[in-house]
Amino acid sequence: MEEASRVRVSGPLAGCAPGLIGWLTDRGYQRLPMVNHLRRLALLSRWLERDGLDPVVIDEVWIERLLAGDQQQGRALIFTRGSFRPVLDFLRSDRIVPRPARVVTPVEVLLDGYRNYLAVDRGVVAVTIASYERSARMFLSRACADDVGRVRRLSAGDVARFVIDVAEDQRASTVNTLVVGVRSLLRYCYSSGLIDTPLAQATPWLARGRVSSLPRTVAPGTADLLLDSFDRDSLVGARNFAVVKLFARLGLRVGELIAMEVDDIDWRRGEVTVRSKGGWRDPLPLPVDVGDALAAYLSRRGADAEWRHVFLHVHAPHQPMSATGVKAVIRRACARVGIADTSTHRLRHSVAQDLLRHGAALPEIGQVLRHRELATTAIYAKVDFTALASLAQPWPGSGS
């Protein structure tokens, strides 16, 4: 706090420094981030004073333009437009800077309806809604030039050309993820009467079907290596250990882990409720080792009145972890133990493979992984080598 108070803020925003310190303190910011944000406030104030401007001109575009100008002059600034977001949030919350007016365009109206459809009608979780919205915005921009009128005139050829165009500079897996979001948007457009033809199936896959290849798993012992790499005596280590434990033992999806709330854990019954795709709530047994990992993390994290989510950012602002943050936990752990970067879905596949090795039937695996259709679980039949071997005929002349 003393170091933060020594940051000199002169100019039109000089009186805002004490308020910013209090605002950041209430949100749990540590010493160094607090000092850096005060320096950003001081920089904004110097710019205003230099150009004789009122604070009402401050917004993201103004900051980005001035940062670019300073960099062109050779000033070694470590600041980026995004790094000013907490300072802007404070200035707007204190009504020193006006909140940006939202531009309501026909496309935004369409997307508002689409988000409501996903959340209410389809029961899609927030992290998936955000992913689908990104796909929808790209499709509306590149295929329709942000013109709702062109959406009404879409054809199957337009949809296919969009996918082929995107595939020129994206990996097949990335394009297929985009296809899932575009199909969802097109289903909404058809159900709402915006388009007259069901175009969802006109979006082609760049890869073969989901049962055409073996599910990719991690090598035996990989999960143990990752778990052993965490310092469980620290808050971040305890959190990351619990994250990997849930992936490795329960086969959670990233969105399910992010959506998990403290109230979803029933310690007495030894169950955890998983907020699955489609708005489903699926109870799963809580293994002792998973419960221990969660309890160790939550006891270190302490109570948080603002958020009921289990997994929060360690550093302020203490918001729920994002998909990017969760994947970074796995990526950094892989780097520490010297193995190739893996994905959370490979850990999920490994859970299924382990269940197969211990004699679980496909319907049982489907229940654990929260599949709604047995056809989804059928991919794991291809790695059940013991069962397949009993069906194999001996090679003619092999003597067996």
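Here is a short report on the structure shown in this document. Values in this document were obtained by computation on a predicted structure and should not be read as measured data. (Residues numbered from 1 in each chain as written. Predicted model: local features only at pLDDT ≥ 70, side-chain atom pairs only at ≥ 80, totals over all residues. Heavy atoms only, no water.)

1. Describing the overall build of the protein chain
Then, number 1: The helix and strand tally for the protein chain stands at 19 helices and three strands.
Then, number 2: Taking all 400 residues of the protein chain together, the buried fraction comes to 42%.
Then, number 3: Put simply, 59% of the contacts in the protein chain that link residues at least 6 apart link residues at least 24 apart.
Then, number 4: Surface summary for the protein chain: the accessible area is close to 22,100 Å², and the carbon and sulfur share equals 52%. (Helix = DSSP H or I, 4+ residues; strand = E, 2+ residues; numbered from the N terminus. Buried < 20%, exposed > 50% of the residue type's maximum accessible area, 1.4 Å probe, protein only. Contact = heavy atoms within 4.5 Å. Areas by Shrake-Rupley, 256 points an atom, 1.4 Å probe, with all protein chains shown as cover.)

2. Considerations on the side chain of Arg239
Then, number 1: Take Arg239: it is sitting in helix α12 (residues 235-250).
Then, number 2: For Arg239, a relative accessible area of 8% puts it in the buried group.
Then, number 3: The residues contacting Arg239, other than those within four sequence positions of it, are Tyr297, Phe311, Leu312, His313, Val314, Met321 and Val329.

3. Examining the packing of helix α3 (residues 31-51) against helix α5 (residues 85-93)
Then, number 1: Where α3 meets α5, the axes come as close as 9 Å, and the angle between the chain directions of the two elements is 70°. Looking at the two axes, α3 sits roughly perpendicular to α5. Pair α3 / α5 crosses with right-handed handedness. Where α3 abuts α5, its residues His37, Arg40, Leu41 and Leu44 lie against Pro86, Val87 and Leu91.
Then, number 2: Its residues assigned to classes, the contact of α3 with α5 shows five nonpolar, one polar and one charged. (Axes fitted to C-alpha atoms, helices over the stretch in contact; angles between N-to-C directions. Parallel < 35°, antiparallel > 145°, perpendicular 65-115°, else oblique. Left-handed = near helix turned anticlockwise from the far one by under 90°. Nonpolar A, V, L, I, M, F, W, Y, C, P; charged D, E, K, R; others polar.)

4. A short note on the sheet that holds strand β3 (residues 281-285)
Then, number 1: Across the sheet, three strands lie side by side as β1-β2-β3; this open sheet has antiparallel pairing. This sheet does not close on itself; its edge strands, each paired only once, are β1 (265-266) and β3.
Then, number 2: One ladder, built from five bridges, connects strand β2 (residues 271-275) with β3; its direction is antiparallel. The residue bridging Val272 from the neighbouring strand is Leu284, located in β3. (Pairing = 2+ DSSP bridges.)

5. Things to note about the nonpolar core
Then, number 1: Core analysis: the largest hydrophobic core is formed by 37 residues, its most contacted members being Leu246, Phe247, Leu294 and Phe311.
Then, number 2: Of all elements in the fold, only α11 (222-228), α12, α13 (254-259), β2, α14 (288-301) and α15 (323-337) reach the threshold of two or more residues within this core.
Then, number 3: For Phe311, the contacting residues outside a window of four places in its chain are Arg239, Ala242, Val243, Leu246, Leu257, Met260, Leu294, Tyr297, Gln319, Pro320 and Met321.
Then, number 4: The next biggest cluster of nonpolar side chains, apart from the first, holds 33 residues, and it includes Tyr117, Phe139, Val151 and Val163. (Core = buried A, V, L, I, M, F, W, Y, C linked by side-chain atoms within 4.5 Å.)

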